[in-house]
Amino acid sequence: MSNHTHSSPPRRIFIDKQSPKAFHALVQVSEAVRATASEAGLDRTTVELIKVRVSQLNGCAYCLDIHNRAALRAGESPQRLGILSAWRDTGLFTPSERAALALAESTTDPANATTQASAYETARQVLSEDQISAAIWVAVTINAFNRVSIMSKHPVPPRPDK
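These numbers were taken from a predicted model, which means no experiment stands behind them. (Residues numbered from 1 in each chain as written. Predicted model: local features only at pLDDT ≥ 70, side-chain atom pairs only at ≥ 80, totals over all residues. Heavy atoms only, no water.)

A. Local environment of the overall build of the protein. Per the secondary structure count, the protein includes eight helices and zero strands. Going residue by residue from the N terminus, the α and β elements of the protein occur as α-α-α-α-α-α-α-α. Oriented by its inertia axes, the alpha-carbon framework of the protein measures out at about 65 × 35 × 30 Å. Looking at the protein residue by residue over its 162 residues, the buried ones come to 38%. Taking as baseline every contact in the protein between residues at least 6 positions apart, the subset at least 24 positions apart corresponds to 71%. Total accessible area on the protein stands at roughly 9700 Å², and carbon and sulfur atoms take up 56% of it. Averaged over its 18 positive side-chain charges, the protein has a centre that lies 9 Å from the centre of its 15 negative ones. (Helix = DSSP H or I, 4+ residues; strand = E, 2+ residues; numbered from the N terminus. Buried < 20%, exposed > 50% of the residue type's maximum accessible area, 1.4 Å probe, protein only. Contact = heavy atoms within 4.5 Å. Areas by Shrake-Rupley, 256 points an atom, 1.4 Å probe, with all protein chains shown as cover. Lys, Arg positive; Asp, Glu negative; His and termini not counted. Charge placed at Lys NZ, Arg CZ, Asp CG, Glu CD.)

Structure, rendered in structure tokens:
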């Protein structure tokens, strides 16, 4: 019998720690995107909704933990966070939020050209060009952070409920 059948899986490399210059550059991009979103008038709750939704789609537990808490701090309601994965099936999200979420989803899975075109057209009706650009940039950066955390297998620490 070989030993590797009974051994634990190899520990993942935390690529953010292994390559700090690259990670720092990603953090700088994220800070620039945060400023861009603010300057475009994309409110903090919408930005966090994008981050949570993209993290849901990617299955990134670490980023979901961070951005669910950030959304609550920004004033988002537990109810809306709880149903975010079904945002299309409720009237609880504004037209602007819905447009930003559709853009974020099509940025996360850009292969469907029809869905992407529809999301973009809807966004043009309710968001400014600066807001469209900012929403896409928010989705691009959280997608990058999701991949860093997923590939590193960043653990989610247990937190006591308040």
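B. Summary view of the pattern of salt bridges. In total, this model carries nine salt bridges according to the counting rule given. Here D16 ties to K17 by a salt bridge, and the two come within 3.6 Å at their closest N and O atoms. Given a relative accessible area of 9%, D16 falls into the buried group. Exposure remark for K17: the relative accessible area of 62% places this residue in the exposed category. (Salt bridge = Lys/Arg side-chain N within 4 Å of Asp/Glu carboxyl O.)

C. Seen up close, the side chain of S149. Note that S149 resides in helix α8 (residues 129–152). In this structure the side chain of S149 is engaged in a polar contact, spanning 3.0 Å, whose partner is the side chain of H154. With near-sequence residues (within four places) excluded, S149 lies in contact with C60, Y62, C63 and H154. (Polar contact = N/O pair within 3.5 Å; in protein donor to acceptor, adjacent residues only side chain to side chain.)

D. Molecular detail of α8. Taking 1.5 Å per residue, 24 residues should reach 34 Å; α8 reaches 35 Å between its end C-alpha atoms and fits that length. A positive phi of about 55 degrees marks K153, the residue just after α8. (Expected span 1.5 Å × (residues − 1).)

E. Region of the structure containing a nonpolar patch on the surface. Taken together, the side chains of I13, I15 and M151 make up a nonpolar region of the molecular surface, amounting to roughly 280 Å² of accessible area. Mapped onto the fold, M151 is located in helix α8. (Patch = residues over 30% accessible without salt bridge, like charges linked within 9 Å, V, L, I, M, F, W, Y side chains within 5 Å.)

F. Quick peek at the state of the cysteines. Applying the stated criterion to the full structure yields zero disulfides. You can see C60 has no disulfide; the closest cysteine sulfur is in C63, sitting 3.4 Å from it. (Disulfide = S-S within 2.5 Å.)

G. Highlighting the packing of helix α3 (residues 44–58) against helix α4 (residues 61–73). Between α3 and α4, whose axes approach to 9 Å, the crossing angle comes to 155 degrees. One finds that α3 runs roughly antiparallel with respect to α4. Between α3 and α4 lies a crossing whose hand is left-handed. Two secondary-structure elements touch here, α3 through E48, K51, V52, S55 and Q56 and α4 through C63, L64, H67, N68, A70 and A71. Here the residues of the contact of α3 with α4 sort into five nonpolar, four polar and two charged. (Axes fitted to C-alpha atoms, helices over the stretch in contact; angles between N-to-C directions. Parallel < 35°, antiparallel > 145°, perpendicular 65-115°, else oblique. Left-handed = near helix turned anticlockwise from the far one by under 90°. Nonpolar A, V, L, I, M, F, W, Y, C, P; charged D, E, K, R; others polar.)

Interpretation in functional terms is not warranted from these geometric data alone.
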